[in-house]
Amino acid sequence: MKKTNNNEQRIVPIDLAYLHGAFAVVKNLAAGISHFLPWAKAKGSAKPTEIYDINGSLLFYDFAVRLGTNEVGAIRAAATKEVGTPVVSLLNGPKLWDE
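Residues numbered from 1 in each chain as written. Predicted model: local features only at pLDDT ≥ 70, side-chain atom pairs only at ≥ 80, totals over all residues. Heavy atoms only, no water.

This part takes up the confidence of the model for the protein. Fine structural detail should not be taken from predicted coordinates in areas where pLDDT scores are low. Scored by pLDDT, the protein comes out at a mean of 88, with 90% of its residues at no less than 70. A low-confidence stretch, residues 1–5 (pLDDT under 50), is modelled with two contacts involving residues beyond four sequence positions or located in other chains. (pLDDT = per-residue confidence, 0-100. Contact = heavy atoms within 4.5 Å.)

See the structure below:
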């Protein structure tokens, strides 16, 4: 049996974080929230940008949401169980910073 340290046990797998984000988007679309209507035909990136804290610990996954070549938003999902909530935010519109 492979031993895991506490950090590995606290990390949320990327595929699970993606599913949490997709569910949050569907929930907002089902509620009829108009800001999310462009997201109905958009696709989320399966490969997130990883966001780390100042100490180098993984905190969040940012999944870009694109409609064709245009970024319509991003899903910020927890990368660690310590954050508490699976989806931290849904960012509407393109990012205003470079990666």
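Looking now at the pairing of strand β3 (residues 58–67). With respect to burial, β3 is a largely interior element, seven of its ten residues being buried. By the bridge criterion, two bridges tie strand β1 (residues 43–44) to β3 in an arrangement that is antiparallel. Across the sheet, the residue bridging to Gly44 is Val65, located in β3. Across four bridges, the pairing between strand β2 (residues 49–52) and β3 is antiparallel. Considered in β3, the bridge of Glu50 is made with Tyr61. (Buried < 20%, exposed > 50% of the residue type's maximum accessible area, 1.4 Å probe, protein only. Helix = DSSP H or I, 4+ residues; strand = E, 2+ residues; numbered from the N terminus. Pairing = 2+ DSSP bridges.)

Here we come to the nonpolar core. Formed by 16 residues in total, the largest nonpolar core has its most connected members in Ala17, Trp39, Tyr61, Phe63, Val65, Val72 and Ile75. Elements with a contribution of two residues or more to this core: α2 (14–30), β3 and β4 (70–78). Here this core takes four residues from β3, the largest share from any one element. (Core = buried A, V, L, I, M, F, W, Y, C linked by side-chain atoms within 4.5 Å.)

Our next topic: the pattern of salt bridges. Within the structure shown, the criterion is met by three salt bridges. Two residues, Arg76 and Asp62, come together in a salt bridge whose shortest N-O distance is 2.7 Å. Taken together, the residues span a long stretch of sequence, with Arg76 in strand β4 and Asp62 in strand β3 at a distance of 14 residues. Residues Arg66 and Glu71 are paired through a salt bridge, measuring 3.7 Å at the closest nitrogen-oxygen approach. Judged by its relative accessible area of 38%, Arg66 falls in the partly exposed class. A residue is classified by how much of its surface remains accessible, and Glu71, at 16% relative accessible area, is buried. (Salt bridge = Lys/Arg side-chain N within 4 Å of Asp/Glu carboxyl O.)

The terminal C-alpha atoms of α2, which comprises 17 residues, lie 24 Å apart, in line with the 24 Å expected from a rise of 1.5 Å per residue. Those residues of α2 hidden inside the fold are in contact with β3, β4 and β5 (87–92). Count one or two residues on from α2 and you reach Gly32, which has phi positive near 80 degrees. (Expected span 1.5 Å × (residues − 1).)

Moving on, we get to the environment of Arg66. Structurally, Arg66 is set in strand β3. Sequence separation of Arg66 and Trp39 is 27 residues, and the distance between their C-alpha atoms is 8.0 Å. The residues touching Arg66, leaving out its near neighbours within four places in the chain, are Ala42, Lys43, Glu71 and Val72.

Our focus in this paragraph is the packing of aromatic side chains. Within this structure, the stated rule accounts for three aromatic pairs. Relative to Phe63, the ring of Tyr18 lies with its centre 5.4 Å away and its plane at 75 degrees, an arrangement referred to as edge-to-face. Here the residue Tyr18 occupies a position in helix α2, and Phe63 occupies one in strand β3, the gap between them amounting to 45 residues. Owing to a relative accessible area of 28%, Tyr18 belongs among the partly exposed residues under this scheme. In textbook terms, an aromatic cluster arises when at least three aromatic residues are bridged by ring pairs, as seen for Tyr18, Tyr61 and Phe63. (Phe/Tyr/Trp six-rings, centres within 6.5 Å; stacked < 30°, edge-to-face > 60°.)

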